[in-house]
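# Residue-level structural notes
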Amino acid sequence: MLLTASRPAHDFHASVTQMQYNPKERSFEISIRIFTDDFEKALSEASHSRINLETNPKADELIEKYVLSHISYVNPQKQTKPLKYVGHEVEADANWIYLEMPYAEPFRGGLLKQNVLMELFDDQVNMVNIQYQGQKKTFVFRKNQPVQDISFG
């Protein structure tokens, strides 16, 4: 109750992830939009201290550790692809988190985990939009389905 006193609460818990393939760089550029108040609550619980993303000098370190533990991708050959934290931006009531995932081989799909904030909110919905070579697919992740087969092509 005290954590929401400073900001008006919103009625739904959602994040939006964009995964866009960059053929020149041979990697996926990933951006995740998360409500700041929910994200600060998750980071505060994970670090056992009150976190304010605009003033905390260790914000990037905390964000990287949290996000990389909640998002992962395993290709059809059962290889976990490395994700690289690029940075974050604060925009009004949301935070944008940026990642890169090198991907040289043709993208056929695989298993994607996106369970950001699901440890806090039973109604958390994480929508993932994937764009690859002119195709776009959307996947919806919920607490009962934090990992999905994202078959392409």
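Predicted model only: the values in this text are computed from it and were never measured. Throughout, residues of each chain are indexed from 1 in the direction in which the sequence is written. Where totals are concerned, whole chains, interfaces and linings use all residues; where local detail is concerned, this predicted model gives features only for residues with pLDDT of at least 70, and gives and counts side-chain atom pairs only at 80 or more. By convention in this description, side-chain values take in all heavy atoms of the structure and omit both hydrogens and water.

## Some thoughts on empty space enclosed by the protein
Two kinds of site are reported from a 1 Å grid over the protein atoms alone, namely cavities, where a 1.4 Å probe fits but cannot get out, and pockets, open sets with protein on both sides within 12 Å along at least five of seven lines, and residues are called lining when an atom falls within 4 Å of a point. Grid points are joined across faces, edges and corners, and a volume is the space filled by probe spheres set on the points. One pass over the structure, following the stated rule, counts one cavity of 30 Å³ or more. In this model, the largest cavity occupies a volume close to 50 Å³. Strands here are runs of E lasting at least two residues and helices are runs of H or I lasting at least four, both read from the DSSP assignment and numbered beginning at the N terminus. Among the elements of the structure, β1 (14-22), β3 (71-74) and β6 (111-114) are those that each provide at least two residues to the lining of the largest cavity. Note on residue categories: nonpolar means Ala, Val, Leu, Ile, Met, Phe, Trp, Tyr, Cys or Pro, charged means Asp, Glu, Lys or Arg, and polar means any other residue, Gly included. Looking at the lining of the largest cavity, its residues break down into eight nonpolar, two polar and no charged.

## Observations regarding the packing of helix α1 (residues 36-47) against helix α2 (residues 59-70)
Only the stretch in contact is used when fitting a helix axis, every axis being a line fitted to C-alpha atoms; angles between N-to-C directions are given from 0 to 180 degrees. In contact at an axis separation of 10 Å, α1 and α2 are set at 90° when each is read in the N-to-C sense. Of the possible angle classes, the one that applies to α1 and α2 is roughly perpendicular. From α1, Phe39, Ala42, Leu43, Ala46 and Ser47 reach across to α2, where they touch Leu62, Ile63, Tyr66 and Val67. Class assignment for the residues of the contact of α1 with α2 results in eight nonpolar, one polar and no charged. Working rule for angles: under 35 degrees goes down as roughly parallel, over 145 as roughly antiparallel, 65 to 115 as roughly perpendicular, anything else as oblique. In what follows, a contact means two residues having at least one pair of non-hydrogen atoms within 4.5 Å.

## Re the sheet that holds β6
The pairing criterion for strands is at least two bridges between them, as found by DSSP. Overall, antiparallel pairing links the three strands, which are arranged β3-β6-β9 in an open sheet. Each edge of the open sheet is held by one strand with a lone partner, namely β3 and β9 (147-149). For this sheet, the mean inter-axis angle between neighbouring strands, taken without regard to orientation, is 15°. By the bridge criterion, three bridges tie β6 to β9 in an arrangement that is antiparallel. Its bridge partner being in β9, Leu111 is matched across the sheet by Asp149. Seen against the sheet, α2 touches β3 and β6 and runs at an angle of roughly 40° to β3.

## Things to note about the side chain of Ser15
Tracing the sequence through the fold places Ser15 in strand β1. Here's how the labels work: a residue is buried when its accessible area is under 20% of the maximum for its type, exposed when over 50%, partly exposed in between, all with a 1.4 Å probe on protein chains only. Note on Ser15: relative accessible area 2%, which makes it buried. Of the polar contacts made by the side chain of Ser15, one reaches the side chain of Asn126; its length is 2.7 Å. Pairing of N or O atoms within 3.5 Å defines a polar contact, subject to two protein rules: one partner must be a possible hydrogen donor and the other a possible acceptor, and residues neighboring in sequence count only if both atoms are side-chain atoms.

## Observations regarding the pattern of salt bridges
Salt bridge, as used here: a side-chain nitrogen of Lys or Arg that lies within 4 Å of a carboxyl oxygen of Asp or Glu. By the definition in use, this model includes four salt bridges. Lys81 is paired through a salt bridge with Glu105; the nearest N and O atoms lie 3.1 Å apart. One end of the pair, Lys81, is in the loop between β3 and β4 (84-91); the other, Glu105, is in the loop between β5 (94-102) and β6, with 24 residues separating them in the sequence. Judged by its relative accessible area of 15%, Lys81 falls in the buried class. Judged by its relative accessible area of 25%, Glu105 falls in the partly exposed class. Its salt-bridge partner being Asp122, residue Lys143 comes within 3.0 Å of it at the nearest N-O pair. Of this pair, Lys143 sits in the loop between β8 (135-142) and β9 while Asp122 is found in the loop between β6 and β7 (125-132), placing the two residues 21 residues apart along the sequence. One network of salt bridges, with partners in common, ties together Arg33, Glu91 and Asp93.

Take it as geometry only, folks, not as evidence of what the structure does.
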